[in-house]
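Per-entry structural report
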Protein chains: 2
Amino acid sequence: MFLKYNGIKIKTFMEEKMRIGIDVGATGIAGGIVDSDGCVIREIMLSTRPERGYEKIVMDIAYIINTLKSRLTENGVKIKNVGVGIPGVADENGDVIYCVNLGWKGAPLGRDLKKLTGLEAYIENDANAAALAEHAYGSMKGADCGVMLTLGSGVGGGIIIGGRLHRGFSGVAAEIGHMAVGDNFYNCTCGRNGCLETFASARALERYFIKLVEYADEESSALQAAGGGDKVDARLIFEAAKKGDLLSLMAVSRLSRYLAKGIVNIINMLDPEVIVLGGGVSKAGNFLLDMTREQVESELLYKGVRHAQIKLSAFGDKAGIVGASLIPAYKANPKE
Amino acid sequence: MFLKYNGIKIKTFMEEKMRIGIDVGATGIAGGIVDSDGCVIREIMLSTRPERGYEKIVMDIAYIINTLKSRLTENGVKIKNVGVGIPGVADENGDVIYCVNLGWKGAPLGRDLKKLTGLEAYIENDANAAALAEHAYGSMKGADCGVMLTLGSGVGGGIIIGGRLHRGFSGVAAEIGHMAVGDNFYNCTCGRNGCLETFASARALERYFIKLVEYADEESSALQAAGGGDKVDARLIFEAAKKGDLLSLMAVSRLSRYLAKGIVNIINMLDPEVIVLGGGVSKAGNFLLDMTREQVESELLYKGVRHAQIKLSAFGDKAGIVGASLIPAYKANPKE
């Protein structure tokens, strides 16, 4: 919400604590300067192009960090560290253990960025970072227990318990996209069948839509807008569904049904105060939210007992940068 | 393990802090005096017979409490409170919100027991109580994050996070039996399809076994031992499976496969240090444990990263009583 104020903020850099956050995705690398209200006041984006390999991407991340750092230095602001969100997991030394979408395994990202920027670089899962952002400033502000779901090309998760990020025994908790919730017509990249990610991600929506198109004797405006089945994407399917396109509606309705199944599983397991939906799929907004809430209500175990509010992300695209900027403070003091 | 010492313990009652715990199940009401090592040193059992209705059952619970209390008083030990585990959920006042298996809703159990026994009665979900027992003395002793699964006629759960019981926003967390994990041939009592309870409970095993018997052209020693499909129970199926009976093995293997699916979901979500299997089904012991562990290994998301140990309950039948005895201390100070 406060993101609306971008551009008309009149505070100077000197007045408050500034942070740098970097959000590394399979499509783009976004970096920004974040102020103490959680507003992104400078932003730089580059394409990731994972096929280039680890070293070139690290150079680009370092370039973004150094550019933002110079901007701060010019304004008399010194910083010591930077937070980096990745679509994978890293250990306490900042070494990337797994990052499937980027094809990284055992990459010394934290150390490399320190060499290239002079800043301590703290690496964390991007959905965990998004949960930190929502908990600090957004849709789960102040919640003792809240769950973040990032619905993008995959499905990520971040869990806040006792007001703190729950990272688990090996730091790989909150992989909610890999919760099996049913039987699906194709297997997940993780090798299992029925993962939430294969039902509730953008890619899942596209795959099921294409399957429907192949089997059904029915026109679809999403298909016409895309100009071919291989060009259709989640955004077009949602738009067509909102206008009543039947095949698109069927696909969105299935996504919503399984998303609700996952949400009810989360409620039955953790009974959180709030569940926040972020990521590209959540841009479908109230259309998806209302459908999903209704389905959740119908599947609740304890009807009549208050249950988690289901909300949209307060940040949209910016959750990654804002969350990443909070990682260093979190890593320095995970108990706070 | 220390339960072996029952009967040869030589400490007197006066020497240590004694507690009373009551475990109310759909079959029996078990009450016991528990010492500070988590040993049950006196035990009383009565049949529940839920069809008798709430009031008669409360009288029986009170009778057990008063008998145990007298036993302590005779030995110069005074107690002020008692813990009661129920297969349902209660609010902070000890009012039972839901208890499906006993047919209770809105029953003022805590207040009624106080009237009948003079003791403060603290009511908690039985699987949560079992988790307290395992965390204090048993298979998840000292774990920062551990999950208890009670595999009985249903499937219950208890979650320890940050060394404390995770009860959730409305106190209804850890209903792990109602995590949907696949598509099943019958619906759960909660109305959903695919709940873990419909795959991994004793009743689920029996139902699937009977379905197999009806369809397959195959003898089964479990069926012969029972003397009819309507008399077969989980224990007989496990025994026959251990001896190589094919239909029994198929049924047990399916239970184990879905149990593993649920366990991997828990690992992907919470990344706990330990997962403990208790309840009647866990009496199948290493036979079930080994099968399940192997399946879990094959479905892990992050292979090579250390993951939760899967263990059997240290208490077996006694987890309910021992856990219940710990409820008053937990309720008085949930932060410890």
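Residues numbered from 1 in each chain as written. Chains lettered and ligands numbered in written order. Predicted model: local features only at pLDDT ≥ 70, side-chain atom pairs only at ≥ 80, totals over all residues. Heavy atoms only, no water.

Moving on to the interface of chain B and chain A. Each partner contributes residues to the interface: chain B has 42 residues there, and chain A has 42 residues. For the chain B and chain A pair, buried surface summed over both sides reaches about 4,100 Å², with 58% attributable to carbon and sulfur atoms. The three residues of chain B that bury the most area against chain A are Phe169(B), Met269(B) and Tyr302(B), which together make up 21% of that side's buried surface. One can count four salt bridges joining chain B with chain A. At the boundary of chain B and chain A, one finds 34 residue pairs in polar contact (both at pLDDT 80 or more). Of all the elements in the fold, those that place two or more residues in the side of chain B that touches chain A are strand S6 (96–98), strand S9 (155–161) and helix H8 (246–270) of chain B. Tallying contributions element by element places H8(B) first for the side of chain B that touches chain A, with seven residues. Classifying every residue of the side of chain B that touches chain A gives 23 nonpolar, nine polar and 10 charged. (Contact = heavy atoms within 4.5 Å. Buried area = accessible area lost by both parts, 1.4 Å probe. Salt bridge = Lys/Arg side-chain N within 4 Å of Asp/Glu carboxyl O. Polar contact = N/O pair within 3.5 Å; in protein donor to acceptor, adjacent residues only side chain to side chain. Helix = DSSP H or I, 4+ residues; strand = E, 2+ residues; numbered from the N terminus. Nonpolar A, V, L, I, M, F, W, Y, C, P; charged D, E, K, R; others polar.)

Bringing the pattern of salt bridges into the picture now. Residues and elements named next belong to chain A. Applying the stated criterion across every chain, the model contains 24 salt bridges over all chains. In this structure, the salt-bridge partner of Asp-95 is Arg-111, at a minimum N-O distance of 3.0 Å. A residue pair is termed long-range when its members are at least 10 positions apart, and Asp-95 in the loop between strand S5 (89–90) and strand S6 (96–98) and Arg-111 in helix H2 (residues 109–117) qualify at 16 residues. Each of Glu-124, Arg-167 and Lys-331 takes part in a single network of salt bridges with overlapping partners.

Residue and element names in this part refer to chain A. One open sheet accounts for five strands, arranged S3-S2-S1-S4-S7; its pairing is mixed. Bordering the open sheet on either side are strand S3 (40–47) and strand S7 (120–125), each of which pairs with just one other strand. On average, each strand axis in the sheet is inclined to that of its neighbour by 20°, with strand direction left out of account. Across the sheet, helix H3 (residues 126–137) lies against strand S1 (19–24), strand S4 (81–86) and S7, angled at about 95° from S7, the strand it touches most. (Pairing = 2+ DSSP bridges. Axes fitted to C-alpha atoms, helices over the stretch in contact; angles between N-to-C directions.)

Of all hydrophobic cores here, the largest spans 102 residues; its most connected members are Leu149(A) and Leu149(B). Contact partners of Leu149(B), with chain neighbours within four places excluded, come to Val155(B), Gly156(B), Ile176(B), Leu259(B), Ile263(B), Ile266(B), Ile275(B), Val276(B), Leu277(B) and Gly278(B). (Core = buried A, V, L, I, M, F, W, Y, C linked by side-chain atoms within 4.5 Å. Buried < 20%, exposed > 50% of the residue type's maximum accessible area, 1.4 Å probe, protein only.)

Turning our eyes to something else, we now look at the packing of aromatic side chains. All names here are of chain B. Counted under the stated rule, the structure contains 10 aromatic pairs over all chains. When the centroid spacing of 5.0 Å and the interplanar angle of 90° are considered together, the rings of Tyr-54 and Trp-104 count as edge-to-face. Taken together, the residues Tyr-54 in helix H1 (residues 54–74) and Trp-104 in the loop between S6 and helix H2 (109–117) connect sequence positions 50 residues apart. Residues Tyr-54 and Trp-104 agree in their burial class; the two are buried. Taking 5.1 Å as the distance between ring centres and 65° as the angle between the ring planes, the aromatic pair formed by Phe-185 and Tyr-186 counts as edge-to-face. Using a relative accessible area of 12% as the deciding quantity, one classes Tyr-186 as buried. (Phe/Tyr/Trp six-rings, centres within 6.5 Å; stacked < 30°, edge-to-face > 60°.)

By a simple turn and slide, chain B fits onto chain A: the slide is 0.0 Å along the axis, the RMSD is 0.1 Å, and the turn is 180°. On the angle and the small slide along the axis, the relation comes out as a two-fold axis. Nearest to the rotation axis, the C-alpha of Gly182(B) is located 1.8 Å from it, this being the minimum over chain B. In this assembly, 100% of the residues forming the interface of chain B have copies in chain A that are likewise at the interface, indicating an isologous arrangement. (Least-squares fit on C-alpha atoms with pLDDT ≥ 70 in both.)

All names here are of chain A. Buried within H2 we find Leu-109, Gly-110, Asp-112, Leu-113 and Thr-117. The arc that holds every buried residue of H2, seen down its axis, measures 165°, which confines them to one face. Taken together, the buried residues of H2 touch helix H1 (54–74), S4, S6 and S7. Count one or two residues on from H2 and you reach Gly-118, which has phi positive near 80°. (Arc of directions from axis to C-beta.)

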